[in-house]
Every structure is written in C-alpha cells, then in structure tokens.
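Spelled out from the first residue to the last, the chains are:
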Amino acid sequence: MSSSSSLCPPRQWKYDVFPSFSGQDVRRNFLSHLLGEFNRKGINTFVDDQIRRSDSIGPELVRAIRASRIGMVILTKNYASSSWCLDELLEIMECRETAGQRVMTIFYDMNPSHVRKQSGDFGEAFERTCVGKTEEHKRRWREALTNVANILGEDSQKWDSEAAMILKIATDVTNMLNFTPSRDFDHLVGMEAHIAKMSSLLCMESNEVRVVGMWGPAGIGKTTIARALYNRVSSDFQLSVFMENVKGSYSGNELDGYSSKLRLQEQFLSKLLTLKDMRINHLGVAEERLNSKKVFIVLDDVDKLEQLEALANEPRCFGAGSRIIVTTEHKELFKGHGVNYIYEVDFPSGDEALQIFSQSAFKQDYPPEGFMELAVEVTNVTNHLPLGLCVLGSSLRGKRKSEWTDELPSLKANLHGDIEKMLRVGYDSLGDDDKYKSIFLHIACLFDGEGEDRVIQLLDNRNCDIKYGLRVLVERALVYISSDKRVMMHHLLRKMGREIVRRQSAHEPGKRQFLIDAQEIYDVLADETGTGSLLGISFNMSETSELYLGERAFRGMHNLQILRFYKKWSDKTRLHLLEGLDCLPLPRKLKLLHWEACPMKQMPFQFRPECLVEINMKESKLRKLWEGVPMLRSLKKMDLSYSISLDELPDLSEAIFLNHLDLRNCESLVRLPFSIWKLGWLKFLHLHSCRNLEPLPANYALFSLSHLDTGSCSKFVDFPEISSSIERLNVSFTPIAAMPPSVENWGCLRKVEMIGCENITEFPRFSYTVTKLHLECTGIKEIPPWISDLYGLKVLSMAFCTELLEISPNICELGELKSLNFKGCYNVREFPAEIFQSFCIWHELELTLVGIGENSLPTYTPEETEDFPLRLYLSENDFVSFPDSVVKQVQYLCLRDCRELESLPDLPDSLSELHADNCVSLESLSQSSRSPHDPKLILSFINCSDLDEEAYELVIQQWACGYAVLPGSEVPDCFIHRASGSSLIFHLNPYLNPWNLYGSLRFKACVVLSPGDELDDVPFCSFQISCYVRGRHSTTVYEWPEIYVDRSNDPLLEDHLFILNSYFTLEGDNIPESEMLFDFRCLGMKVYPDTVSSNILECGVQLLEPCSCKYDGIAHPKVSTIPLKDDEGNNKSIAETGKTNKRARSSDAEEVEKTSKNLRVSN
C-alpha cells in the first residue's frame, strides 16, 4: 500500500464487498449461494444485475469498486475471456495500492499457478482476449493477474464441501470487516498535522530501512502521536510492535549491561513475534529473525543508548521497507545512534491548547458561554503542555463557574510553570475521598505497569470498588490502561505520587504508607522502626549490603499488605535471619508475599494467610509452608520455583480459587497433596525438573488445566489423562513411551514439547489443532502418511532424531507449515523430493537439513511442483555435490562447513542469498541463465580457496549485483582502475567520457582485506565498508551493510576480496568533470565491543551501465551526500567534508587524512 493511502484517515465505504467474476461460470450456482450467505451475515455486497455489460467497464462500476472495502476476485476458467473482468481487476488492484482496499481471491475450479503464469486453458482464453489490444494494455493485465494470484485465497479444489468453503469465506469477510482502521485518534487536536510531518520523514514509498526519531519534553504528546501512526499503518507491515515505556523495561542498573540488553531484546522479540517468554543467548538473534521481514516498530520513551543498541542497533537488522520510530526526551541519543530523521514535537498553539483543554474540561471543542476567559487563563497556566491541559481539564470538569473562579488564584499562585505542582492539581481534584488517592499512590509506588486484573485483585477491599476507582483515575488523566491491559502512569505523575508519600514523614520512613527506596527500607528493617502506617514495601535487595533480620523486623507493621523483596536474577541473596531463627512473624493482612530467595525454612506457625492473594517465594530455603489446612481462600497464584529444599506442600483444600501453581526445580518435592485434584480453577501447573516427584495418579483429572509442564520429571513413566483442556504441554526429557489415546481428541491443544523423550518410537497422534510440535532427540522412526491430518501445524522440529528413517511425502500437504527442522537426522534414507518443490504454501518455508546423511537427498523431480519461497539450510554435510532439483525453489541457501562439497548445481533465479563459507573443497559453480542485474544477490565464499577461474568470473563479473566475499589477495584485472591502499584517482577522457554515452553511471568496487590487524592475532568478525566518491559539487557517501565473516566455527583465514555494487547512479552534481577520486574505508569489528580501522591492502573500481534493479537494504549501500564547498565557497578535501557528515564515524574522519593525494591512475 502506498504511503499516501496508509497515512490518510480511514475513509467511508458504501459497500462491504465488490465481487468480480465471470457470470457464465458462477452466477447461477456458487455466486448465488455465496451472496445468500453474505446477506444472512449482514454483509453489504454490490450487485451488478442492472448493469449492461460492454467491452469496458463504465463509470458506475468504477465508482462501486472504489466505494467497496473489499474487492473479491473469483477466478474461474472463463474469467480471462472477458475484457470487462480484466478491467475490473485492474481497477481493484489500483484501489488496493492507492486507497487501502483489501483484496480477497477465490480460485474456483482453477489452479492458482495457471492464473499466475497465464497458462493452460486459462492462458489460452487470455491470449484470445488480448487480440487487438495494445502491448501496454496486455502488460497491465498480465501484471494484475500475476499479482492477484499471489494473494493467498481459497482454492475450491482443496475443499470437499462447497457449503463449508462458502461459510469459511463469509466468516473471513466478517472478521475482516470487524478489524476496521482505528478512529480512536481522529478527534485529537492537531493530530493530522503531526502525522503529515511524520509521513514526510517516514517516506513510506521508499524501500530503504528508515529510523525516525521523535523528540520533545514529557507530556508533549509523543506517545500519542506514535500510537496514532502505529494504529494507522502497522497493518501494512509483516510484523509490528509498539514497545511502551522502553526505559521502564530496561534494568540498566545491572552490573552486567549485556544481560540487561538480552532481557530487553527478549521482551521485544516476544511481543513482535507473539512468542511468550522467549529466551535468547546473544544479541544477534533479532537480526537473524528479522533481517528479511518488513517491520513497523515503535520504541516509546527510550532514555539510554544501550536500549537502542539492544532493539534497533543497525538498519540492516530489518527487512527492506521497515520503519522504526523512537520517542525520547533525550535528543542526544539520536546523534549517538546515527538517527538523521528527527521530528521535534512543538507545543500546540494558543487556539489548539484551548481546544485540547476544552475537550477535557467540557467534552467539546470550545468553552461554553461564560467560561472563555477562565478557560484561556487556565490554559496559560499549563504553558500549553498537552498532559497538563488534560489533567487540569479533568480536575475542573463539571464544576460551576464560581468554583473555577475560586480555584484560579490558587492555580496561578502555586504552579508557576512547575510541572510537578501542576500535576498535583489533578491528584487534589480527587477530593477528600482517600479511596481514590490511595489507589493512585499504590500505583505510583508499587503497581505502575502491572496488569489491570492483578492490581484489582491485590487492592480489592470491601470499602472501595477498585475497578471503578481505576476508571476515575483514567478519566482524570492520572493513569491509562495500555493495549495489553496494564495500568500505566506518566513518569512525572509517578514521581509526584512518590514525593507525596515521602512528605508524609520525611525523616522517619517507617511512618509512611509506602517504602521503595532500598536504603530507607534497609534502615527500617535493621532498626525495626516500621509502624502501622506502612501498607506496602518494594525492596530491591540488590541495591543494599548484607542484612540480618531479627524476630521483630515486621513487628510494628500490622497493616502491611504488599511485601515485595526482589533481586537481580544473577545475585545471591543478601537478606538472612539471625542465628537460631527459622522463620519470622509476618503481618496478618498480607495480600502479596513476594520474597525471592527467602531465608525462612518454614512459614511462621502463627501467621494466618487468609488474606494472601499471591505467594512468590522462588529460590527460597523453605522446606515446608504450614501444618494442617491453611485458610487460603483468597489465593490465586503460588510460585515456589527453585526452592530446592521444599519437600512438602500443605493441604490446598481451601485454596479453591488457585489459578497458577509453579513448582519448577523443586528437586526435593516427592509428592503433590491429594487436595490438588480438587482445585477446579487451576489453569497453570509447572512441575519442570521436579526430579524426585512421584508420577501423577491415574483416574484423576483437572478439567480447567490449560498449561502443563512435567519436563525432566524423571519418574514420570506413564502420562495420565489429566485434562482435555490443555493448550500447551511439555513432557520433555521424561521416560514416557507413549501418549494416552485421548490426546488425539484434545481440541484445545496448540503446542507440544517432547524433547529428549527417547522412549517415544512412534509419531504421536495429536489433535488437528496443534500448531507447534517439538520432537527433538526422540526415538521416532517414521513420519507417517497421516501427518497431513495435522493441517494446522506451523512448526515441526525433529532435530537429532537419529532413529528417524522414513518421512511421508504427505508432509507437503501441511499448508500452514513455516518451519521444518531435521538437523542431525543422519539416518533418514531419503528425504522426499516433494519437500523441496511441492509444498502447497504461499508463505516462506524454513527447511533445516544440517548434518544429514550423505546420500539422503532426492535425485528425482516430483510430477507436480508448486512455487513457494524456501530458506534451505544444508550446512555441515559431507556430500560432494547435490542435485538441481533440491534448490529449484530456494531463495536463501546456506551451505556453511560442507567441507567435502566440490561443485554447486545450477542456481535458480529465485535465489537471493548464498552462504558457502568454509566449503574448502568447492571448486566450480554451474553456469546459470540468471540475470546479471539481480536486485539482491549476496554471495559468501569465505575460506573457499579452491574456487577455479570460471567460478571467480561468475561471482565477480556476472552475479555480484549485491555483494560477494571470496578469497583473494589481488584486485582482479576486470577492475580497470586499481591501486594499492584504500584510495585511487583516475582521469576521465573528455572525448570518451562515459556519461556522454549513458547520462549516468554506477560502479562496482573491489577491496582486499586482511583477516586481522597488525597489533594482535584476533581476527575480525565483521566489516563495515564505506566509499567516498568526490563529484563536481558534492561527495557521495556509500555505506554498505555490515558484512559478517565469523558465523561459522572458523574465522577469516586469509586475505579476501569484497566485491561491492553501488546500485545508486552518479548524476547531476555528483558527476565529475575530469577525474574521479574513490576513498574506501573499513571498520573491522572484533568481539564486542572492540572496533578498529581495518587495513585495506588494495582497491579497484569498474564503471558500469545504469542498473534497473530495485534497491535492497540488505544487499545495497545507503547513500548520503556532502557539499564540497565551505561557507566561504572554497573547495574542501574529502577529509574536510567527511567531518560534516553526521552519519560518518569519528574515526573515519581521522583515517581519511591518510589518503594519498598524489596518487594518479589513468587509462
């Protein structure tokens, strides 16, 4: 979709659906039934019964198409026989691009590939229709047919029941209509102006990866603008995420900053990929997962450079066309991260501020009669800060004019532009009702960012409706509820709330309502000065020294409800009990008992837990909790994970509302109490690594259970039929030999992990609802033909299943499959040829065949083939060669460490990346018919020293339109202009100037780089190469994506050639008159964080004709220009101009002084 359509406000539609069809094929049968179902579901469909058909569509049909939200194209055998249908299609596809219209396809008794390629009977009908048409008209028809056939749609040949297909189509249309563009921000003052300015910076029509910064003070509206943009355009991208409050998600106070970055990137990827609790082990995972994906990312409220390094370190981490928006109050972050496109959010004008205030105070755009003068005065008090306008407007809403007059002097006298005091007005507007103020202070001190439901549970009491109280705070603009239902508070409001609490007792912290400062909490506990005023404590134990608690530590805190003692995950506990103590008396009113690494060995006998809502005592020293049957009727969650001494759980008969029980790594636990089978609300049961736990008894069930993890429970020989409601099941590393027969009927099951279940020898029968199967390291011998029954499966991983022998070709009928992993399955006799050529999918498939058997690749071609994008990983294999049929659909091919491989087959036109690093025996590459102007062909032959001359010629002269890396110590002769070192200058013959012939040019460059530097033996892991080309009036800077060289086990072992294509043409002011100067620079990156300038041994340039290929951010350089004249009009050297380039690294400007100004290389 074009940027103009994406960024404009949602439009009004007259029709829901416009169907385009061939009447003779479907009007009397399929279409009539489909329209009937649409009518029953209330779908407003355009009907053309009264329109007379002719050779071309008339204005009435054009208006109808443009007024429809969805264009539905029903492709049949006679569709292409009608120029009317084909012209309708042109208009529909145009509306898709320019107006945001959605397009759905139905292939009715029609092979999609025949439409895509205009072949078969469909193609013959098309050719007949084309007779007498212009070439341009035919070209547009062909392009429209190809594009519409690439839209995933329903194929009637895959349905047994036409009625079922019609119902599915109608349901899909209904769902699509329900997801309307957001209008939540349409009424906001000045929003369209903000979006217009941002759209010019975002430049959505460009295919480059672009990062745009948004800067302004707190409360100016950055988050709101970013949210409005996100809601408007995110659906046009493959993946999107709005990362709220990034600084709040980043624990930068950890000593190990790398760990903080890992945790932040984990959160980011979990949200972006919708994978809960994702874990990663290095910061390159984001690039590996996203470098081919077009993403829209908002990083909101960033305050440290490390956060950007963790989430958006380089544009190359994301696919072409991606957009990243960063909001912050710290403008210097943009300079440090090289963000060149910055939108500075201005304060609203006087009229806009009045309108914002009026919407908050009066629910209308302007003040009512008699309030104008007062409203203007209040607006001026806020200095037009949008957050202040909303807060003050909310506090004055509904009050009489006399009340406004009474409060205005106080507002003027006390605020004086002080934001904290201004925000205090909103707090004070809650009146004398301490209930709402208490909720506000609880959130400010303890619960900012917590889930709404959790806050309601923990604050619930008989005297206050917490849910209503939250609504009051939202209406007063004191908090807001995020899209994922979290209670959020602006950091200035949070700071204000904490200051209110501090002032309750500035010098005696134990008399306040809440304690959050680590040192103050340490003092109160050490001195035992807590009082009945304390309601909540949030203690970061990692910020203090060792502390030994005495028996009276909590004695005076009889009203304490929230106790949260936490630490960094890598820290040891710093809280201990005085010698001779096993437990401490705890306050009776506790609702939250969160004490990580708790030193108590048992819960105090006199502690009555009837108020407890949540127990979180992970890593505790507890051996048991309570004797008897404790009153736990309020308990919702219990987390005792990693309490390795825990050997007994209490009777849980009274915990009737317990929802979540986490006992992971409770290694001493022998059995679960019988009362657990009475827990009718239990949904989450985590027993992972309870190695001594006895098997769960048979004939008992927990019907509410949805998540069960018994992984590494080594005594679980048989798996009981515990619940048919389970959605996620983990039985990894257990000795079970089979799943119960009923599992096939578990209709809620989505994800199953059976990793390391060596006794499982037959492929388990699961419900068709399963989407992810992890069967790594099992004893399964065959993937059976009925695998096709799991038609919802998206991920199947069977890595290191060394007993696997046979794979049914029916696996190719899994139309939802995205990832298929057979790494280390070296005993498979032969992988079915269909998995390389016949998958019935439209999306990308990742197929991993690393370390498989030498002769297990198929040698034949299946009778029927399908077009689908394939990422194929064949690394670490011992074959000498492999057949062409394996790579016919490949877009990405990885052959790293195939050390016996001697030759490659013909490479398909679809290939965009080939990585053959450390294929040390590789000698030859096959000739190919592929175009030399491939838009994104990346070739990596690191350490492939045996490549023959023909292979070098293919890579360097014919294929490298992106970039290539291969061994070599000299610039090849085809680069006419060559020089030692990093710079060269050559003269242009005025009579044979190539620009006179072509009008513009591009160039291909070659640089020779060594694997390390002269100072040490540590090799480089990646290179960042840039080139400065001086023109007549400006210097063009080309900066190629960072090129990695150490993704395999062996680093760069010798000198290598880096072949780089410029893609961008030199023209206009960039065309020199008599000579050209090329200055190359390279930064070699070692193990993080070392970055040093790398020595360029030689360089060369070859001038080429302009290229027609499209820009690709992964393969091509980003380009900027630098004026060549200073303020006085004097020519600058490249070294001087380099200093003015904001994107250049500081070390570049220093290195450029080494340029040899006297070097001349001429023809």
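Everything here concerns the structure above.
Predicted, not measured: the structure shown is a model, and the values here were computed from it.

Participant: Before we move on, could you go through the sheet that holds strand β3 (residues 102-107) and cite the residues and values that matter?
Facilitator: In spatial order, the strands read β1-β2-β3-β4; together these four strands make up an open sheet with parallel pairing. The open sheet terminates on both sides in strands that have one partner only, identified here as β1 (15-20) and β4 (154-155). Two elements, strand β2 (residues 68-75) and β3, share six bridges in a ladder whose sense is parallel. Residue pairing across strands places M72 opposite M104, the latter belonging to β3. Along the sheet, helix α4 (residues 59-66) contacts β1 and β2; its crossing angle with β1, the most-contacted strand, is approximately 125°. This element, helix α9 (residues 162-178), spans β1, β2, β3 and β4 of the sheet and lies at about 155° to β2.

Participant: Which residues make up the pairing of strand β5 (residues 210-215), and what are the values?
Facilitator: Of all six residues in β5, five are buried, a share of seventy percent or more. Pairing analysis gives six bridges linking β5 to strand β8 (residues 323-328), with the strands arranged parallel. Bridged to R210 within β8 is R323.

Participant: How would you sum up the packing of aromatic side chains? Please name residues and give values.
Facilitator: Under the defined criterion, the tally for this structure stands at 30 aromatic pairs. Residues Y768 and Y791 carry aromatic rings whose centres are separated by 5.4 Å and whose planes lie at 25° to one another, so their mutual orientation is stacked. Of this pair, Y768 sits in the loop between β24 (751-753) and β25 (772-774) while Y791 sits in the loop between β26 (782-783) and β27 (795-797), and the two are 23 residues apart along the sequence. Seen from their ring centres, F986 and F1078 are 5.9 Å apart, and the 15° between their planes marks the pair as stacked. Of this pair, F986 sits in strand β37 (residues 983-987) while F1078 sits in strand β43 (residues 1075-1085), placing them 92 residues apart in sequence. The pair formed by F986 and F1078 is uniform in burial state, with each residue classed as buried. Through a chain of ring-to-ring contacts, the aromatic side chains of F986, F1003, Y1038, W1040, F1078 and F1080 assemble into a single cluster. In this structure, K331 is placed above the aromatic ring of W215, and the distance from its NZ or CZ to the ring centre is 4.9 Å. A cation over a ring is seen here: R765 above W786, with NZ or CZ 4.1 Å from the ring centre.

Participant: Give me the sheet that holds β5: which residues, what numbers.
Facilitator: Pairing is parallel across the open sheet formed by five strands, whose spatial order is β6-β7-β8-β5-β9. Since the sheet does not close on itself, it has two edges, and those belong to β6 (239-243) and β9 (341-344), each with one partner. The sheet shows a mean angle of 15° between the axes of neighbouring strands, taken without regard to direction. Examined bridge by bridge, β5 and β9 share four bridges and lie parallel to one another. Residue pairing in the sheet places M214 in a bridge with Y343 of β9. In the packing of helix α10 (residues 191-202) onto the sheet, the strands contacted are β5, β8 and β9, and the crossing angle to β5 comes to about 145°. Where helix α13 (residues 257-272) meets the sheet, it contacts β6 and β7 (295-302), and its direction lies at approximately 130° from that of β6.

Participant: A description of a negative patch on the surface should follow, citing residues and the corresponding values.
Facilitator: Where like charges cluster on the molecular surface, the negative patch consists of E854, D878, E900, E902, E923, D946, D948, E949, E950 and E953. Secondary-structure assignment places E953 in helix α28 (residues 949-959).

Participant: Run through helix α3 (residues 30-40), naming residues and quoting values.
Facilitator: Within the sequence span of α3, burial applies to F30, L31, L34, E37 and F38. Relative to the axis of α3, the buried residues are bounded by an arc of 125° and lie together on one face. Residues of α3 that are exposed and angled more than 90 degrees away from the buried face: N39 and R40. Turning to α3, the residues buried within the fold contact β1, α2 (23-26), β2, β3 and α9. Positive phi appears at G42, one or two residues downstream of α3, with a value of about 75°.

Participant: Requested: an account of the pattern of salt bridges, with residues and values cited.
Facilitator: Opposite charge on two side chains allows them to pair when their charged atoms are near. Evaluated as defined, the whole model comprises 44 salt bridges. With a closest N to O distance of 2.7 Å, R66 and E91 form a salt bridge. A residue pair is termed long-range when its members are at least 10 positions apart, and R66 in helix α4 and E91 in helix α5 (residues 83-98) qualify at 25 residues. The class of R66 is partly exposed, set by a relative accessible area of 44%.

Participant: Go over α13, please, and point to the residues and values.
Facilitator: Between its terminal C-alpha atoms α13 stretches 23 Å, which fits the 22 Å expected from 16 residues at 1.5 Å a residue. Buried residues of α13: S259, S260, K261, L262, L264, Q265, E266, F268, L269, S270 and L272, and no others. Structurally, α13 contributes buried residues whose contacts are with β6, α12 (246-249), α14 (285-290), β7 and α15 (305-311). Phi turns positive, to about 50°, at T274, one or two residues after α13.

Participant: I'd like a rundown of unusual backbone geometry, residues and numbers included.
Facilitator: Phi is positive for N665, close to 60°, though the residue is something other than glycine. Although it is not a glycine, S712 adopts a positive phi angle of roughly 65°. Within the element layout of this structure, S712 appears in the loop between β22 (707-709) and β23 (728-730). By relative accessible area, S712 is classed as buried at 11%.

Participant: Tell me about the packing of helix α17 (residues 350-362) against helix α19 (residues 386-396), and name the residues and values.
Facilitator: Close contact between α17 and α19 brings their axes to 7 Å; oriented N to C, the two are set at 40°. Seen from above, α17 lies across α19 with right-handed handedness. Here α17 contributes A353, I356, F357, S360 and A361 to the contact with α19, which in turn contributes L389, C390, L392, G393, S394 and L396.

Participant: Which residues make up the environment of C464, and what are the values?
Facilitator: Structurally, C464 is set in the loop between α23 (452-459) and α24 (466-475). Its relative accessible area of 8% is what places C464 among the buried residues. The sequence separation of C464 and Y436 amounts to 28 residues, and the corresponding C-alpha distance is 8.5 Å. Residues in contact with C464, not counting those within four places in the same chain, are K435 and I439.

Rules used in this analysis
Residues numbered from 1 in each chain as written. Predicted model: local features only at pLDDT ≥ 70, side-chain atom pairs only at ≥ 80, totals over all residues. Heavy atoms only, no water. Pairing = 2+ DSSP bridges. Helix = DSSP H or I, 4+ residues; strand = E, 2+ residues; numbered from the N terminus. Contact = heavy atoms within 4.5 Å. Axes fitted to C-alpha atoms, helices over the stretch in contact; angles between N-to-C directions. Buried < 20%, exposed > 50% of the residue type's maximum accessible area, 1.4 Å probe, protein only. Phe/Tyr/Trp six-rings, centres within 6.5 Å; stacked < 30°, edge-to-face > 60°. Lys NZ or Arg CZ within 6 Å of the ring centre and 35° of its normal. Patch = residues over 30% accessible without salt bridge, like charges linked within 9 Å, V, L, I, M, F, W, Y side chains within 5 Å. Areas by Shrake-Rupley, 256 points an atom, 1.4 Å probe, with all protein chains shown as cover. Salt bridge = Lys/Arg side-chain N within 4 Å of Asp/Glu carboxyl O. Lys, Arg positive; Asp, Glu negative; His and termini not counted. Charge placed at Lys NZ, Arg CZ, Asp CG, Glu CD. Arc of directions from axis to C-beta. Expected span 1.5 Å × (residues − 1). Left-handed = near helix turned anticlockwise from the far one by under 90°.

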